[in-house]
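Architecture and fold: a report
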Amino acid sequence: MKNHNPSPRRSEPPLRLNPSRMERRLHLIRSKILGTTCLLPQTTRMTNLMMMNSPWALIWIATTTSKLTMMMRRSMKRMMLRTMMVFSHKSTTISWQDLIQKQRRNNLSTKTKMMKTKEAMRMTLPSLLVLMSVNLANWKLVRLMLEDEEDQADISQINHRIKEVVNILGNFKELRDPAKSRQDYLDRLLKDIATYYGYSDFLAEKLFNLFAPAEAIEFFEANEVPRPVTIRTNTLRTRRRDLAQALINRGVNLEPIGKWTKVGLQVFESQVPIGATPEYLAGHYMLQAASSFLPVMALAPQEHERVLDMASAPGGKTTHIAALLKNTGMVFANDFNKDRLKSLSANIHRLGVKNAVVCNYDGREFPKVIGGFDRVLLDAPCSGTGVISKDPGVKVNKTEKDFIDIPHLQKQLVLCAIDSVDANSKTGGYIVYSTCSVTVDENEAVVNYALRKRPNVKLVSTGIEFGREGFTRYRGKTFHPSLDLTRRYYPHMHNMDGFYVAKFKKFSNKIPKQTGDNVDEDEDQDANESGPATFMEDEDSTILKDSMRKLQKNRKHKK
Amino acid sequence: MRPLTEEETKTLFEKLAKYIGSNIKHLIDRSDETYCFRLHKDRVYYVSESIMRKAVSVGRDQLGSLGVCFGKMTKTGKFRLHITALDYLAQYAKHKMWVKPNGEMPFLYGNHVVKAHLGRVTEDTPEHQGVIVLNMSDVPLGFGVTARSTSDSRKLQPTDIVAFHQADIGEYLREEDTLF
């Protein structure tokens, strides 16, 4: 921040007789606030300010915004603390300054130090207010947030503590404090993670348990960084080399994603909006996350096959399938949400797919609408714990109940997907199940359930050479040993969204009778069914309706 | 979903003939597979018979689209070509117009083609003839109607319109809600 003299055209009396550095700064702030004409839309301006990390941002926000999202609140709180520190340490004339000096002299414990600084802040706040004649109502809100118990701890300290605890947990025998148990450390760590990264306690624990402590931190860190922008060449219209050349001519800086795909390009920077170039409009490429290539590559559709995409909007994977089919055979693109059908058909037409049928069913109705497919792709609706960097809302809005409801729906869908496939297909008979979630409940547990309920399928290799193997055991649960053929992808390891891919091969159209004994480890509500699962029973139909309603509600809520 | 009536077929073919003339026959008699036109919720779809047979099992309310959408029947009984038909139109078009790189974006924003942006045009294009607009690297951008014949357009001012805009691929973004 540069120091200017206060602008001369403001005619208020000077703030103090002896203008200190801080006062000049405050005056500057005030003139900034009062004198700025807002040219940008509010949100843009706000993010700009936030990105500059400037104290004006919070003041500006506090004075102009009535509604604050969770994210804004958090960063405001952080910024607040930081800013206040700056103010309190640098000023020389204001009375509470003694407090800090005293505190330094006495070399108090960290906690008390913090308390004192807080105290100081609280004292400065009102004077700041008066000085800047801002909207008091909003300031009250800010102050309330300051008093929030969790925020008493400084954010950088929490970070430090997280690192320390992870270190201790890595070498527990030697570094531990004998008075504390491992659980104590874990509890502390989880609480800190929840605070520092802004997760709900429940979700923080759920995700933390997937990894070793050090890796878990990497995972949480990776969720704060956006993934690279990637595009997929539409081989129905062009070749990757030609597309790359055309885009480079438009000032786009790009490079192939990796050796594993022949159609993907990673965009580093672009002078033009990448979603509105003439090439995009002409359907030469699709904006698509790198992880979205994986399920289609695993599905590996062959020409002249009939393929079903059960949850297809907005059509990235559907058009990829059609491109691999080279517009032969046909693709059924289904999606549950009618509103998303528009963008789905738009993408299908834009990319020149001529063999698609778009329909709007609940995926669970599927073998009844039409069955006998050669291959089925089920990119199931999920909690989205793999795409937190894209949608940070997941951090707080997923509850324990979601992790019962969503897997329940997924289990129903995966059985329907399996039943929609014709095992006698000459070239096919495959089902790919994928989610953009990393939790075990939505992935291995669902696949394991499908294997139990449908002994006429087996897992086969996905055909993708990288990715971590799926869990065969997880926290006391044992899954089918073939689950190591499924693949997990993590943001911190593969620099793509968290993802899960499993590929089934159906070898018989008959569903053999269950032997009975091997089914009862799983304690969810589906476990008590025996034999082939049908959802038309009375008890199930209520559950079905219920979960459909919830799903719709969720979607509305998301919008 | 139903086949087109006699009258609907006539209006559709009249419209298509403006762009592809007698090439319509290539749309109907294809060597690879039998294709047909189907009407569904006022939209006309061009689709292979085998796909159409399979799509019959999808309910009317649930069916979103099948094959390629050519356009829609308006309430007054006219037919309106949509940008989604561009693939086939470009393939069989009789008359084409190429725009220079600096004219690409203005056209994609829905503006008419002006003389200054005109790169090339098929010889002997008459006035008020349906043309496909392409960029200099032969990527179809949309279609329109010529304002002047090829010979007349030579004498025009740089700012004069040579082709009226009808549809462009920018509509995939601008008109997504109304297109489907």
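The structure displayed is predicted, hence computed values, not measured ones. (Residues numbered from 1 in each chain as written. Chains lettered and ligands numbered in written order. Predicted model: local features only at pLDDT ≥ 70, side-chain atom pairs only at ≥ 80, totals over all residues. Heavy atoms only, no water.)

1. Considering the overall build of chain A
Helix and strand counts for chain A stand at 23 helices and 15 strands. Looking at chain A residue by residue over its 559 residues, the buried ones come to 54%. (Helix = DSSP H or I, 4+ residues; strand = E, 2+ residues; numbered from the N terminus. Buried < 20%, exposed > 50% of the residue type's maximum accessible area, 1.4 Å probe, protein only.)

2. Topic: the sheet that holds strand β12 (residues 161-168) of chain B
Residue and element names in this part refer to chain B. Sheet architecture is open: 6 strands sit in the order β8-β12-β11-β10-β7-β9, paired in mixed fashion. A strand with exactly one partner marks an edge of an open sheet, and here the two such strands are β8 (113-114) and β9 (118-121). Along the sheet, helix α5 (residues 101-108) makes contact with β7 (96-99), β8, β10 (130-135), β11 (140-146) and β12, crossing β11 at roughly 80°. (Pairing = 2+ DSSP bridges. Contact = heavy atoms within 4.5 Å. Axes fitted to C-alpha atoms, helices over the stretch in contact; angles between N-to-C directions.)

3. Here's the deal with the UniProt feature "active site" (unreviewed entry) in chain A
Residue and element names in this part refer to chain A. UniProt tags Cys 436 as "active site" (unreviewed entry). Tracing the backbone shows Cys 436 in the loop between β9 (430-435) and α21 (444-453). Overall, the relative accessible area of 21% leaves Cys 436 in the partly exposed class. In this view, Cys 436 contacts Cys 382, Gly 384, Thr 385, Gly 386, Val 387, Gly 498 and Phe 499; residues no more than four positions away in its chain are not counted. (UniProt positions renumbered as here; feature names shortened; annotations may be inferred.)

4. Observations concerning the confidence of the model for chain B
With 100% of its residues at a pLDDT of at least 70, chain B reaches an overall mean of 93. The ipTM assigned to the predicted complex is 0.95, against a pTM of 0.74. (pLDDT = per-residue confidence, 0-100.)

5. A closer look at the packing of aromatic side chains
One pass over the structure, following the stated rule, counts 24 aromatic pairs over all chains. With a centroid separation of 5.9 Å and 70° between ring planes, the pair formed by B:Phe13 and B:Phe37 is classed as edge-to-face. One end of the pair, B:Phe13, is in helix α1 (residues 6-20); the other, B:Phe37, is in strand β2 (residues 35-40), with 24 residues separating them in the sequence. On the accessibility criterion, B:Phe13 (24% relative accessible area) is partly exposed. Given a relative accessible area of 11%, B:Phe37 falls into the buried group. Through a chain of ring-to-ring contacts, three or more aromatic side chains come together here, namely A:Tyr196, A:Tyr197, A:Tyr199, A:Phe211, A:Phe219, A:Phe220 and A:Tyr490. Positioned above the aromatic ring of A:Phe373, the side-chain terminus of A:Arg306 is 4.8 Å from the ring centre. Over the ring of B:Trp98 we find B:Arg120, and its NZ or CZ is 4.1 Å from the ring centre. (Phe/Tyr/Trp six-rings, centres within 6.5 Å; stacked < 30°, edge-to-face > 60°. Lys NZ or Arg CZ within 6 Å of the ring centre and 35° of its normal.)

6. Quick word on unusual backbone geometry
Residues A:Ala313 and A:Pro314 are joined by a peptide bond in cis, for which omega reads 0°. Residue placement: A:Pro314 occurs in the loop between β5 (306-309) and α16 (316-325). You will see that A:Asn327, though not glycine, has its phi angle at about 65°, which is positive. Here A:Asn327 is to be found in the loop between α16 and β6 (330-334). A relative accessible area of 24% means that A:Asn327 is categorised as partly exposed. Its identity as a non-glycine residue notwithstanding, B:Asp138 has a phi of 65°, on the positive side.

7. Points about the UniProt feature "domain: PUA" (unreviewed entry) in chain B
The sites that UniProt annotates as "domain: PUA" (unreviewed entry) are residues 95-170 of chain B. A helix fraction of 16% and a strand fraction of 41% characterise residues 95-170 of chain B, whose end C-alpha atoms lie 21 Å from each other.

8. Describing the domain arrangement of chain B
Residue and element names in this part refer to chain B. Here the domain parsing of chain B yields domain 1 (2-89) and domain 2 (95-174). Taking the mean C-alpha position of each, domain 1 and domain 2 sit 25 Å from one another. On the domain 2 side, the residues contacting the 8 residues of domain 1 number 16 residues. Summed over both sides, the interface between domain 1 and domain 2 buries roughly 900 Å², with carbon and sulfur atoms accounting for 67% of that surface. If you sort the residues of domain 1 by the area they bury against domain 2, Tyr 19, Ile 83 and Leu 86 come out on top, with a joint share of 69%. Joining domain 1 to domain 2, the criterion identifies 0 salt bridges. Taken together, the links from domain 1 to domain 2 amount to 3 residue pairs in polar contact (both at pLDDT 80 or more). Residue assignment for the side of domain 1 that touches domain 2 shows that the elements contributing at least two residues are α1 and α4 (86-92). Split by residue class, the side of domain 1 that touches domain 2 holds 5 nonpolar, 2 polar and 1 charged. (Domains from an automatic or database assignment. Buried area = accessible area lost by both parts, 1.4 Å probe. Salt bridge = Lys/Arg side-chain N within 4 Å of Asp/Glu carboxyl O. Polar contact = N/O pair within 3.5 Å; in protein donor to acceptor, adjacent residues only side chain to side chain. Nonpolar A, V, L, I, M, F, W, Y, C, P; charged D, E, K, R; others polar.)

9. Observations concerning the UniProt feature "domain: SAM-dependent MTase RsmB/NOP-type" (unreviewed entry) in chain A
Within this structure's numbering, the places UniProt gives as "domain: SAM-dependent MTase RsmB/NOP-type" (unreviewed entry) are residues 219-507 of chain A. The distance separating the terminal C-alpha atoms of residues 219-507 of chain A is 38 Å; by composition the span is 30% helix and 22% strand.

10. Considerations on the pattern of salt bridges
Pairing is possible between side chains that carry opposite charge, provided their charged atoms lie close to one another. According to the stated counting rule, one finds 24 salt bridges over all chains in the structure shown. Among the ionic pairs, B:Asp152 bridges to B:Lys155, the shortest N-O distance being 3.7 Å. Linked through salt bridges whose partners overlap, the residues forming this network are A:Arg161, A:Arg188 and A:Asp192.

11. Considering α1(B)
Residues and elements named next belong to chain B. For α1, built from 15 residues, the straight-helix expectation of 21 Å at 1.5 Å per residue is met to within 8% by its first-to-last C-alpha distance of 20 Å. Residues of α1 that are buried include every one of Glu 8, Leu 12, Leu 16, Tyr 19 and Ile 20, and no others. In an axial view of α1, the angular spread of the buried residues amounts to 80°, which keeps them on one side of the axis. Among the exposed residues of α1, those pointing more than 90 degrees away from its buried face are Glu 6, Glu 7, Lys 10 and Lys 18. Phi for Gly 21, located one or two positions after α1, is positive at around 55°. (Expected span 1.5 Å × (residues − 1). Arc of directions from axis to C-beta.)

12. Structural notes on the sheet that holds strand β2 (residues 252-256) of chain A
Residue and element names in this part refer to chain A. Taken together, the 4 strands give an open sheet; going across it, the order is β2-β3-β1-β4, and neighbouring strands pair in antiparallel fashion. One side of each edge strand has no neighbouring strand; the edge strands of this open sheet are β2 and β4 (285-287). With strand direction ignored, the average angle separating the axes of adjacent strands in the sheet is 35°. In the sheet, strand β1 (residues 229-233) pairs with strand β3 (residues 264-270) via 4 bridges, with the strands oriented antiparallel. Across the sheet, the residue bridging to Thr 230 is Gln 266, located in β3. Along the sheet face, α16 touches β1 and β4 and points at about 30° away from the line of β1.

13. A closer look at the interface of chain A and chain B
Facing the 33 residues of chain A at the interface are 30 residues of chain B. Buried surface at the junction of chain A and chain B, summed over both partners, amounts to about 2,600 Å²; 65% is from carbon and sulfur atoms. Considering only the side of chain A, the residues that lose the most area to chain B are A:Leu281, A:His349 and A:Lys354, jointly responsible for 27% of the buried surface there. Along the contact surface separating chain A from chain B lie 3 salt bridges. Between A:Arg250 and B:Glu104 there is a salt bridge, with the nearest N and O atoms lying 2.9 Å from each other. Counting the contacts that link chain A with chain B gives 11 residue pairs in polar contact (both at pLDDT 80 or more). Listed by contribution, the elements that provide at least two residues to the side of chain A that touches chain B are α14 (278-281), β6, α17 (340-350) and β7 (356-359) of chain A. The element contributing the most residues to the side of chain A that touches chain B is α17(A), with 7 residues. Class assignment for the residues of the side of chain A that touches chain B results in 17 nonpolar, 9 polar and 7 charged. Looking at chain direction, β7(A) and strand β4 (residues 63-66) of chain B are connected through 3 bridges and run antiparallel. Within the sheet, the bridge partner assigned to A:Val357 lies in β4(B) and is B:Leu66.

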